[in-house]
Amino acid sequence: MHIHHIAIAVKDLDAALEFYRDALGVTVSKRHTVPAEGVEVAFLPCGETKVELLQPLDPNNGIGRFIEKRGEGIHHLCVQVEDIEATVAQLQTAGARLATEIRAHPDGTRYAFVHPKSTHGVLLELYQPPDLTGFEDL
Ligand code: CO
């Protein structure tokens with residue numbers, strides 16, 4: 001298990017890239033929209049872990065409301081797991097509360113969110129790439 005990405009909710013992706021890419025000097029590996037989640041994202045690899053910048057496409061969706069309520073900042077932490085079903089089952093047995101079902105991206109990546117109430121305050125994403133030999137950026 002390793003930390004796949006740390007996601008930061010931002011109001012304006014281009015403005016955020018002026019800091020992370022231009023001032024800090026981290027390279028952007030991928031930038032795309034995820035219509036299912038209502039966000040535009042940019043991934044900036046830092047070793048095995050990436051910074052994921054998330055800009056809401058609609059101020060009224062989940063990320064938009066997060067920024068409205070709490071301002072820009074860390075939105076979630078994501079750990080890559082080998083078997084998401086097994087991890088979810090293990091967490092449910094331990095009494096943890098899932099914030100979402102297991103969902104899939106078009107490339108077959110599967111993910112689910114664990115509620116901050118169960119993780120001591122941090123929204124936690126579980127992530128299983130379609131093939132563990134690849135590290136897909138979704
Ligand atoms: Co994420």
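Let us look at the structure shown here. (Residues numbered from 1 in each chain as written. Predicted model: local features only at pLDDT ≥ 70, side-chain atom pairs only at ≥ 80, totals over all residues. Heavy atoms only, no water.)

### Notes on helix H2 (residues 62-70)
Next up, step 1: The set of residues buried in H2 consists of Ile63, Gly64, Phe66 and Ile67. Burial along H2 is one-sided: seen end-on, the buried residues are contained in an arc of 160 degrees. Those residues of H2 that are exposed and aimed more than 90 degrees away from the buried face are Glu68 and Lys69.
Next up, step 2: In this fold, the buried residues of H2 make contact with strand E1 (2-9), strand E3 (39-46), strand E4 (49-56) and strand E5 (73-80).
Next up, step 3: Put simply, Asn61 is the residue that caps the front of H2, since its side-chain oxygen is 3.2 Å from the backbone nitrogen of Ile63.
Next up, step 4: Two residues or fewer after H2 comes Gly71, characterised by a positive phi angle close to 80 degrees. (Buried < 20%, exposed > 50% of the residue type's maximum accessible area, 1.4 Å probe, protein only. Helix = DSSP H or I, 4+ residues; strand = E, 2+ residues; numbered from the N terminus. Arc of directions from axis to C-beta. Contact = heavy atoms within 4.5 Å. Polar contact = N/O pair within 3.5 Å; in protein donor to acceptor, adjacent residues only side chain to side chain.)

### Considering the coordination of the cobalt ion
Next up, step 1: Within the protein, the cobalt ion binds to His5 (NE2), Glu52 (OE), His76 (NE2) and Glu125 (OE); these donor distances fall in the range 2.0 to 2.7 Å.
Next up, step 2: Relative to the metal, the four donor atoms surrounding the cobalt ion lie at angles of 74 to 165 degrees, and the coordination shape comes out irregular.
Next up, step 3: The sequence pattern describing where the donors of the cobalt ion fall on their chain is H-x46-E-x23-H-x48-E. One end of the pair, His76, is in strand E5; the other, Glu125, is in strand E8 (residues 124-128), and 49 residues separate them in sequence. Here the two residues His76 and Glu125 agree in accessibility, since each one is buried. (Donors = N, O, S within 2.8 Å, 3.2 Å for Na, K, Ca; no water. Tetrahedral: all angles 85-135°; square planar, octahedral: opposite > 155°, others 65-115°.)

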